[in-house]
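The lines below spell out each chain.
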Amino acid sequence: MELLIQAFGPPQTNCYILKTPSGELIIDPGIGASQWVLTHIKTPLAILVTHGHYDHIWSLAELKSHLPHTPIYSPKEDAFMLSTDCFEIGLPPCAADHLIKGQKSCTSFEISGIPIKYWHFPGHTPGCSIIEIDDMIFSGDFIFYRSIGRYDFPYSSPADMKESLLRFQTLPSQTDKTIYPGHGQKTTLFAEQANAGLWLQRL
């Protein structure tokens, strides 16, 4: 598999295209991402959303107009952020085709034979999730290199973030997987599990 990465918009939000033998998975297409995505795909399989903040979903409506048969997967608890301009910033609304309901364990499914795992870690947003595919974790705005997502926005919750970090510390994995965050540089699972304790002390 080949992973393409490009940051977009003033927040420099990472958009990812994972190229597989079956086709491409698009993850978090933010502000101005549409043309880059359309240029680099041939057989789009799905668009996966980690959470509902505008800088991760801005291009959903435009991409859907070009790719009407490509399904959008989103955490159920953040669906209202996709379909309504709840922050009143001019977001083009777009409904998800598949809603992933948050739970303590992961939600597992396949897209064209590719195993996908959604892990629900609310706090930054009600539906904030990480997406695990093979040896890669797309962490959205939950975990960054030596940092975590903010929990002081509307719809955020410090209590949920604390509980999520406690669960993240014990996220099961036999290997040290690479974490690709919503902003900034990549990191690794074991390093950030060890680092989570520092943030728990602040919550």
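That block above? That's the structure.
To start, this report covers the structure provided alongside it.

Some details on the overall build of the chain
Phase 1 of the analysis: The number of helices and strands found in the chain is six helices and 14 strands.
Phase 2 of the analysis: C-alpha extents for the chain along the principal axes are approximately 45 × 40 × 30 Å.
Phase 3 of the analysis: When burial is assessed residue by residue, the chain has 53% of its 203 residues classed as buried.
Phase 4 of the analysis: Excluding contacts between residues fewer than 6 apart, the proportion of contacts in the chain whose partners are at least 24 apart in sequence is 57%.

Description of the sheet that holds strand 9 (residues 129-133)
Phase 1 of the analysis: Taking strand neighbours across the sheet as the criterion, the six strands line up as 7-8-9-10-13-14 in an open arrangement whose pairing is mixed. Across the chains shown, the open sheet's two edge strands, defined by having one partner strand only, are strand 7 (107-111) and strand 14 (187-188).
Phase 2 of the analysis: Where strand 13 (residues 178-181) lies against strand 14, two bridges are found, and the strand directions are antiparallel. In the sheet register, Thr178 faces strand 14, and the bridge partner there is Thr188.

Looking at the pattern of salt bridges
Phase 1 of the analysis: Counted by the stated rule, this structure contains six salt bridges.
Phase 2 of the analysis: One salt bridge connects Arg150 with Asp152, and the closest N-O pair in it is separated by 3.0 Å.
Phase 3 of the analysis: A relative accessible area of 47% means that Arg150 is categorised as partly exposed.

Comments concerning helix 5 (residues 158-168)
Phase 1 of the analysis: Within the span of helix 5, buried status applies to Met161, Ser164, Leu165, Arg167 and Phe168. Angular distribution of buried residues about the axis of helix 5 spans 160 degrees; they occupy a single face of the element.
Phase 2 of the analysis: Those residues of helix 5 that are buried are in contact with strand 8 (114-120), strand 11 (143-144), strand 12 (147-148), strand 13 and helix 6 (189-200).

With respect to the packing of aromatic side chains
Phase 1 of the analysis: According to the stated counting rule, one finds twelve aromatic pairs in the structure shown.
Phase 2 of the analysis: Here Tyr54 and Trp58 contribute two aromatic rings whose centre-to-centre distance is 6.3 Å and whose plane-to-plane angle is 80 degrees, an arrangement assigned as edge-to-face.
Phase 3 of the analysis: The exposure class of Tyr54 is partly exposed, given its relative accessible area of 31%.
Phase 4 of the analysis: Residues Phe109 and Tyr118 carry aromatic rings whose centres are separated by 6.1 Å and whose planes lie at 25 degrees to one another, so their mutual orientation is stacked.
Phase 5 of the analysis: Since its relative accessible area comes to 18%, Phe109 is described here as buried.
Phase 6 of the analysis: Members of the aromatic cluster, joined through ring pairs, are Tyr16, Phe138 and Tyr180.
Phase 7 of the analysis: Against the face of Trp199 rests Arg202, its NZ or CZ located 4.6 Å from the ring centre.

The rules behind the values
- Residues numbered from 1 in each chain as written.
- Predicted model: local features only at pLDDT ≥ 70, side-chain atom pairs only at ≥ 80, totals over all residues.
- Heavy atoms only, no water.
- Helix = DSSP H or I, 4+ residues; strand = E, 2+ residues; numbered from the N terminus.
- Buried < 20%, exposed > 50% of the residue type's maximum accessible area, 1.4 Å probe, protein only.
- Contact = heavy atoms within 4.5 Å.
- Pairing = 2+ DSSP bridges.
- Salt bridge = Lys/Arg side-chain N within 4 Å of Asp/Glu carboxyl O.
- Arc of directions from axis to C-beta.
- Phe/Tyr/Trp six-rings, centres within 6.5 Å; stacked < 30°, edge-to-face > 60°.
- Lys NZ or Arg CZ within 6 Å of the ring centre and 35° of its normal.

Just geometry here; none of it tells us what the structure is for.
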